[in-house]
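Reading the structure
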Amino acid sequence: MARSLYIHIPFCSYICYYCDFNKFFIENQPVDAYIDALEQELTWRFAGETAPLETIYIGGGTPSAVTTAQLGRILQAVHVKTPGVSPGAEFTVEMNPDDADDDKLHTLFNHGVNRLSIGVQTFDDKLIQKIGRGHTASDAKNAVHRAKAFNFSNISIDLMLGLPEQTMSSWHDTLQTAAALDVSHISAYALKIEEKTRFYNWWRAGKLPTVTEDEAADMYEAMERVLADAGFHQYEISNFAKDGQASRHNQVYWHNESYVAAGAGAHGYLQGARYENIQPVPHYISAIENGELPERQRHQLSRREQMEEEMFLGLRMNEGMPLVRFEQKYGETVADAFPGALEELTAKGWLTVENGWVALTEEGRLLGNEVFVRFLENENKF
Amino acid sequence: MSSEDKHQRQERIRNFAIIAHIDHGKSTLADRILEHTKTVSERDLQEQTLDAMDLERERGITIKLNSAQLKYEAADGEEYTFHLIDTPGHVDFSYEVSRSLAACEGALLIVDASQGIEAQTLANVFLALEHDLEIIPVINKIDLPSAEPERIKKEIEDVIGLDTSETILASAKDGTGTEEILEHIVKRVPAPQGNVNEPLEALIFDSLYDSYRGVIAYVRIVQGTIKKGEKIRMMQTEKEFEVSEVGVFKPNPVSADELSVGDVGFITASIKNVGDSRVGDTVTHANAPAPAPLPGYQRMKPMVFCGVYPVDPNQYTGLRDALERLELNDSSLEFEAEVSQALGFGFRCGFLGLLHMEIIQERIEREYGIELITTAPSVIYNVYLNDGEVIEIHNPSNMPDQQQVMAVEEPFVKANVMVPNDFVGPVMEICQAKRGEFQDMKYLDENRVNIVYDLPLTEIVYDFFDQLKSNTRGYASFDYELMGYKESKLVKMDILLNGEQVDALSVIVHRDMAYYRGKAIVEKLKELIPRQQFEVPVQASIGNKVIARSTIKAIRKNVLSKCYGGDVSRKRKLLEKQKEGKRRMKNVGKVEVPQEAFMSVLQMDANKEDS
């Protein structure tokens, strides 16, 4: 059974223009009823389980957008509705800079949360406004300082590159500011314009001044340099950590291991099946009130699909993946399962195979999708 | 039935067609007539009964002809037999229109009460007048608040020169005028001439292929009679068959003992290919043939050609089967195998026009499930070589070297554009830009103008109609007829990707427009072809001279960064979409080229307007 848990809190006090996650404006939402339902889902999902959790990640939405009392209830549920939290566990909660008040930080700390992931995105005040976020750059810096004051030693910040009108110099400033804050972890995501967002609608209307592929690539490469100089170690396509502080929870995903997910629109992976929960909050709640698991769909992966995912997830790690792990899991070598792929991609300069490990090259990292599709079967199943 | 009875019956037959512009309500009116004469019960009346193909119903147009026999008890107490022959409204099918008109004695001219006469209607009315048809004007949609029947009447008199004193005001939507229309048909449309005792002359005005019965030939009996078991001969193709069934459409085919002078119905005779019963041919008895075939037969000749290739090379055989099956049903479709370096094995297909081309492509994709790559359409060019030889070219890549060519001729059409006078300027600008030669301009009424230009067919095949529509806010209507060939300064322009010439992208262009077109094509290709692992130069050249160039930069970034809260299915879907995109691309040398790129020559002008 899985020893990792993801919880989705789909409420936000403002909706960012780029975000297409399952999220709802928090005003007038039945947050308490939602937490009741969440407690019930956890109880069902962990029935009969005894092994305590090793990694927990509460994401959103904005988990910090709920009241301090509600936050306490959610955290409490993690302890009592599951087999419990292992003493050495990694326990992460996402929060927005403007929510980092003493009460909430105190509640988080008291419930054993030991890692905060703060949504900063950029330290450029003009850009923060243009992406629809409700805080300032100084809010973000203060949030980090306050979290440190509460003895959170493992603090991660999220950044975004390739935002509309973002210049290289603005990005550079953001990276320098982030480095100077002396956090232990940075996640940096390139903007992708997703459907059903304000950005998408502006973009379709030709009104979003997006950066070019080359500018985004330049920003990515600049980031690798600046963060390396600041003592960060890149361990995944979008993730950087100071020594030993790589996110254990995210590595569960990349290593293609199991995890429980709970909450509206959450995605879990259990016994080779990927499931997705119902997204709308009222439907999620009523499913649970009717005594049903709130799943929207569940797909049992074939062995072939598991092998494919093993590759396109595992290769995201900078260290790559040990070929022997694949062979132990599937009783077949990578070379046999994907004839010709390693040679072809190595010849293109996108992969290296060394000492029994296969990994993306520096060039291959920016072209990850070109590599990953080579490990998918030809037939389109969707 | 005695000879006298047959004559009596002949006196009470009325054969008529309906002429109308798209959307002016032809199909709805046909439905009302079927309903009123109880030919089709209201319960069975699907909207637009006569447009049987799905495609026709979706597009609201008639592609294949249909006809129906109706019984009508007139005010004079007699029962009349009507044959309603539906006509396609599109210029691509004007020969079929002319044959179906030849099967009638009268026609209803339907004109929209607010929009007035449109170019296609005009062309068809003149065709009907050439065939001496009695024309009954019907002004439709008089229920609309914007209806102006008096103005439209005046327009019909001015433009066509018809007497409109007996014009019927109708609303096919609510049934107004239907009864009056039927009475006018009885009174004004002449009964068929001809003699039952003369040798058989039956005009084929359409045919379709049925997998059980073979070809079903739609005929109008002009002289004599025809029965099951008789030996018949097609006078143009000289093929002979034995009649296995005759019948009429009610509107579903129903067997009959005999078809006699004036009747409109069908014949089956175990004919395996529609090519053996060509539209316009005359059916006669093999043992007692008519002295001469009916006039007006033409072999339908394709005017527009393009390369048609399966996306998946394994579907080549399937594509050939599909084309063979469609050809059974459509004698104007031509195809021959061709090989392209870029696209592999496929077919060069000939069509009557652009709509015909689109319809065939859509039917192949829909009915046979074969994804296609098509090249930009081309017309037939007459190429005069220095050594005196003359060749016909309908594939630009077969154009001989510039040095061998003395002259090139291209087909020209006479185009009528009808437009509100506010748009005269834009229309003339487009025609001018398309190398048109102004011929005439006439005011139809205070507001509407008919502009006549001679235009190269190639330009029409490109994007003339789209431009016309977008620059006149959809108000322009347009029709053309082929005039013949004229010499033009035409050259072949090649496109090179990564230094390699791509045969499927070659086009024939006018020398004065080569630079502009070349520039537009290379820019469009730059936009359509995704960035590759290496930089790809895109060039347009005439002979060895490069006239335009763009560069597709090497790909630098394609990776999903977000974690999506462990939503791996979503990552997988995105990757599979990319994979599917790659699968649908063609490898041209080392460059992966998407399907749309092969049609890029067509899209460039439309794109210019967007930007």
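Residues numbered from 1 in each chain as written. Chains lettered and ligands numbered in written order. Predicted model: local features only at pLDDT ≥ 70, side-chain atom pairs only at ≥ 80, totals over all residues. Heavy atoms only, no water.

1. Thoughts on the overall build of chain A
Applied cut-off: Helix and strand definitions here come from DSSP, where helices need a minimum of 4 consecutive H or I residues and strands a minimum of 2 consecutive E residues; each element is numbered from the N-terminal end. In this setup the radius of gyration rests on C-alpha atoms only. A globule is expected at 2.2 Å times the number of residues raised to 0.38. The classification of residues rests on relative accessible area computed with a 1.4 Å probe and restricted to protein chains. Under 20% of the type maximum is buried, over 50% is exposed, and intermediate values are partly exposed. Whether two residues are in contact is decided by their heavy atoms, any of which lying within 4.5 Å being enough. Per-residue and other accessible areas were derived by the Shrake-Rupley procedure at a 1.4 Å probe size, with only the shown protein chains allowed to occlude residues.
For chain A, the count of helices and strands is 16 helices and 17 strands. A globule of 382 residues ought to have a C-alpha radius of gyration of about 21 Å, and chain A, at 21 Å, matches this closely. With the C-alpha coordinates aligned to their principal axes, the bounding extent of chain A is approximately 55 × 50 × 45 Å. Sorting the 382 residues of chain A into buried and exposed places 58% on the buried side. Taking the intrachain contacts of chain A between residues at least 6 apart in sequence as the baseline, contacts between residues at least 24 apart amount to 70%. In the structure as shown, chain A presents an accessible area of about 15,400 Å², 47% of it carried by carbon and sulfur atoms.

2. Things to note about the overall build of chain B
Going by this rule: His is not counted here, nor are the chain ends, while Lys and Arg score as positive and Asp and Glu score as negative. To locate a charge, the coordinates of NZ of Lys, CZ of Arg, CG of Asp or CD of Glu are taken.
When helices and strands are counted, chain B shows 14 helices and 33 strands. In terms of overall dimensions, chain B is globule-like: its C-alpha atoms have a radius of gyration of 27 Å, near the 25 Å expected for 611 residues. Expressed along its principal axes, the backbone C-alpha trace of chain B runs to roughly 85 × 70 × 55 Å. Counting all 611 residues of chain B, 60% fall into the buried class. In chain B, once contacts between residues fewer than 6 apart in sequence are set aside, the share between residues at least 24 apart is 70%. If you sum the accessible surface of chain B, you get close to 25,200 Å²; carbon and sulfur atoms cover 46% of it. Separation of charge centres in chain B, based on 71 positive and 99 negative side chains, amounts to 9 Å.

3. Topic: the pairing of strand β8 (residues 214-223) of chain B
Residues and elements named next belong to chain B. The following threshold applies: A pair of strands counts as paired when DSSP detects no fewer than two bridges linking them.
Along β8, 9 of the 10 residues are buried, which leaves the element largely enclosed by surrounding structure. Across 9 bridges, strand β7 (residues 201-210) lies against β8 in antiparallel orientation. Among the inter-strand pairings, Ile204 is bridged to a residue of β8, identified as Val219. Linking β7 back to β8 in an antiparallel pair, the connection comprises 3 residues.

4. Considering the domain arrangement of chain B
Note the cut-off: What fixes the domain bounds is an automatic or database domain assignment.
Along its sequence, chain B is organised into domain 1 (3-188), domain 2 (201-285), domain 3 (304-375), domain 4 (381-488) and domain 5 (519-605). Computed from C-alpha atoms alone, the centre-to-centre distance between domain 2 of chain B and domain 5 of chain B is 53 Å.

5. Brief notes about the domain arrangement of chain A
Frequently, the measure chosen for interface size is the accessible area removed from exposure when the parts meet. Residues and elements named next belong to chain A. For the record, the criterion: Take the accessible area each of two parts loses on contact, using a 1.4 Å probe, and add the two losses: that sum is the buried area. A pairing counts as a salt bridge when a side-chain nitrogen of Lys or Arg comes within 4 Å of a carboxyl oxygen of Asp or Glu. As used in this structure description, the phrase polar contact means that two N or O atoms lie within 3.5 Å; if the pair is within protein, one of them must be able to donate a hydrogen and the other to accept it, and residues adjacent in sequence are counted only when both atoms belong to side chains. Asp, Glu, Lys and Arg are counted as charged, while Ala, Val, Leu, Ile, Met, Phe, Trp, Tyr, Cys and Pro are counted as nonpolar; the rest, among them Gly, fall into the polar class.
Annotation of chain A at the domain level lists domain 1 (4-254) and domain 2 (306-312 + 320-375). It is Tyr220, Glu224 and Ile237 that lose the most area in domain 1 upon contact with domain 2, and together they represent 66% of the buried surface on that side. At the junction of domain 1 and domain 2, the tally comes to 1 salt bridge. Where domain 1 meets domain 2, there are 2 residue pairs in polar contact (both at pLDDT 80 or more). It is helix α8 (residues 213-229) that contributes the most residues to the side of domain 1 that touches domain 2, 4 residues altogether. Tallied by class, residues from the side of domain 1 that touches domain 2 come to 3 nonpolar, 1 polar and 2 charged.

6. Comments concerning the environment of Pro302 of chain B
All names here are of chain B. When you line up the elements, Pro302 lands in the loop between β16 (282-285) and β17 (304-310). Since its relative accessible area comes to 5%, Pro302 is described here as buried. When the C-alpha atoms of Pro302 and Asp387 are compared, they prove to be 28 Å apart, with 85 residues separating the residues in sequence. Leave out the neighbours within four places in its chain, and Pro302 touches Ser332, Glu334, Gly350, Phe351, Leu352 and Ile380.

7. A short note on the UniProt feature "binding site: GTP" (unreviewed entry) in chain B
Residues and elements named next belong to chain B. Heads up, the condition is: UniProt positions are given in the numbering used here, feature names are shortened, and annotations may be inferred rather than shown by experiment.
Residues annotated by UniProt as "binding site: GTP" (unreviewed entry) correspond here to Asp23, His24, Gly25, Lys26, Ser27, Thr28, Asn140, Lys141, Ile142 and Asp143. As for its placement among the helices and strands, Thr28 is situated in helix α2 (residues 26-36). For Thr28, the contacting residues outside a window of four places in its chain are Ala172 and Lys173. Examined against the element boundaries, Asp143 turns out to sit in the loop between β5 (134-140) and α6 (149-160). For Asp143, a relative accessible area of 34% translates into the label partly exposed. Not counting chain neighbours up to four residues away, the residues in contact with Asp143 comprise Ser171, Lys173 and Asp174.

8. Quick look at the UniProt feature "domain: Radical SAM core" (unreviewed entry) in chain A
According to UniProt, the "domain: Radical SAM core" (unreviewed entry) feature falls on residues 1-233 of chain A. Across residues 1-233 of chain A, helical content stands at 40% and strand content at 22%; the span's end C-alpha atoms are separated by 31 Å.

9. A closer look at the packing of helix α4 (residues 94-102) of chain B against helix α5 (residues 119-130) of chain B
All names here are of chain B. For the record, the criterion: With axes taken as lines fitted to C-alpha atoms, and helix axes fitted only over the stretch in contact, angles between N-to-C directions fall between 0 and 180 degrees. Reported orientations rely on four angle classes, namely roughly parallel under 35 degrees, roughly antiparallel over 145, roughly perpendicular from 65 to 115, and oblique for the rest. Crossing handedness follows the turn of the near helix against the far one: under a right angle anticlockwise gives a left-handed crossing, and clockwise gives a right-handed one.
For the pair α4 and α5, the least separation of the axes is 9 Å and the interaxial angle reads 40°. Our classification of the angle between α4 and α5 gives oblique. Here the hand of the crossing between α4 and α5 comes out right-handed. Contacts from Ser94, Val97, Ser98 and Leu101 in α4 reach Asn124, Leu127 and Ala128 in α5. Residues of the contact of α4 with α5, tallied by class, amount to 4 nonpolar, 3 polar and no charged.

10. As for the interface of chain B and chain A
At the junction of the two partners, chain B supplies 30 residues and chain A supplies 46 residues. Carbon and sulfur atoms supply 54% of the area buried between chain B and chain A, which totals about 3,900 Å² over both sides. The three residues of chain B that bury the most area against chain A are Arg556, Lys557 and Arg572 of chain B, which together make up 20% of that side's buried surface. At the junction of chain B and chain A, the tally comes to 11 salt bridges. In this structure, Lys582 of chain B engages Glu370 of chain A in a salt bridge whose closest nitrogen and oxygen atoms are separated by 2.9 Å. Here chain B and chain A share 25 residue pairs in polar contact (both at pLDDT 80 or more) between them.

11. Comments concerning the sheet that holds β7 of chain B
All names here are of chain B. Read from one edge to the other, the open sheet built from 8 strands follows the order β11-β10-β16-β7-β8-β15-β12-β13, with strand pairing classed as antiparallel. At either margin of the open sheet sits one strand with a lone partner, and together these are β11 (240-242) and β13 (253-256). Taken over all neighbouring pairs, the strand axes of this sheet differ in orientation by 40° on average, direction set aside.

12. Considering the pattern of salt bridges
The final tally for this structure, using the stated rule, is 67 salt bridges over all chains. We note a salt bridge from Arg248 of chain A to Glu54 of chain A, for which the minimum N-O separation is 3.4 Å. In this pair, Arg248 of chain A is assigned in helix α9 (residues 248-254) and Glu54 of chain A in strand β4 (residues 53-60), connecting sequence segments 194 residues apart. The partly exposed category is assigned to Arg248 of chain A, whose relative accessible area is 36%. Note that Glu459 of chain B is salt-bridged to Arg517 of chain B, the shortest N-O span being 3.3 Å. Taken together, the positions of Glu459 of chain B in helix α11 (residues 457-471) and Arg517 of chain B in helix α12 (residues 514-528) put the pair 58 residues apart, joining distant regions of the chain.

13. Focus on the pairing of strand β10 (residues 231-234) of chain B
All names here are of chain B. Only one face of β10 is buried, namely the one carrying Ile232 and Met234, since none of Lys231 and Arg233 on the opposite face is buried. Alignment of β10 against β11, held across 3 bridges, turns out to be antiparallel. Looking at β11, one finds that Ile232 is bridged to Phe241. Linking β10 back to β11 in an antiparallel pair, the connection comprises 5 residues, with Glu238 at a positive phi of about 60°.

14. As for unusual backbone geometry
Looking along the chain, the bond that leaves Gly60 of chain A and enters Gly61 of chain A is cis, with omega of 20°. Looking at where Gly61 of chain A falls in the secondary structure, it is placed in the loop between β4 and α2 (68-80). Phi angles above zero are rare outside glycine, and Asn256 of chain A is one such case at about 60°. Residue position: Asn256 of chain A is located in the loop between α9 and β11 (260-262). Unlike most non-glycine residues, Ser270 of chain B shows phi in positive territory, near 50°. In this fold, Ser270 of chain B is placed in the loop between β15 (264-268) and β16.

15. With respect to the packing of aromatic side chains
Note the following rule: Stacked, tilted and edge-to-face are the three classes applied to pairs of Phe, Tyr and Trp rings, where Trp contributes its six-membered ring and a pair requires centres within 6.5 Å; stacked means planes under 30 degrees apart, edge-to-face means over 60, and tilted covers the rest. Here, a charge over a ring means that NZ of Lys or CZ of Arg falls within 6 Å of the ring centre while also lying within 35 degrees of the ring normal.
Tallying each qualifying case throughout the model produces 25 aromatic pairs over all chains. Geometrically, the ring pair formed by Tyr17 of chain A and Trp202 of chain A is edge-to-face, given 5.2 Å between the ring centres and 85° between the ring planes. With Tyr17 of chain A in the loop between β2 (11-12) and β3 (24-25) and Trp202 of chain A in helix α7 (residues 198-204), the pair connects residues that are 185 residues apart, well separated along the chain. When its relative accessible area of 31% is taken as the criterion, Trp202 of chain A is described as partly exposed. Taken together, the aromatic side chains of Phe326, Tyr330, Phe338 and Phe375 of chain A make up a single cluster linked through ring pairs. A cation sits over an aromatic face here: Lys486 of chain B above Phe412 of chain B, 4.6 Å from the ring centre.

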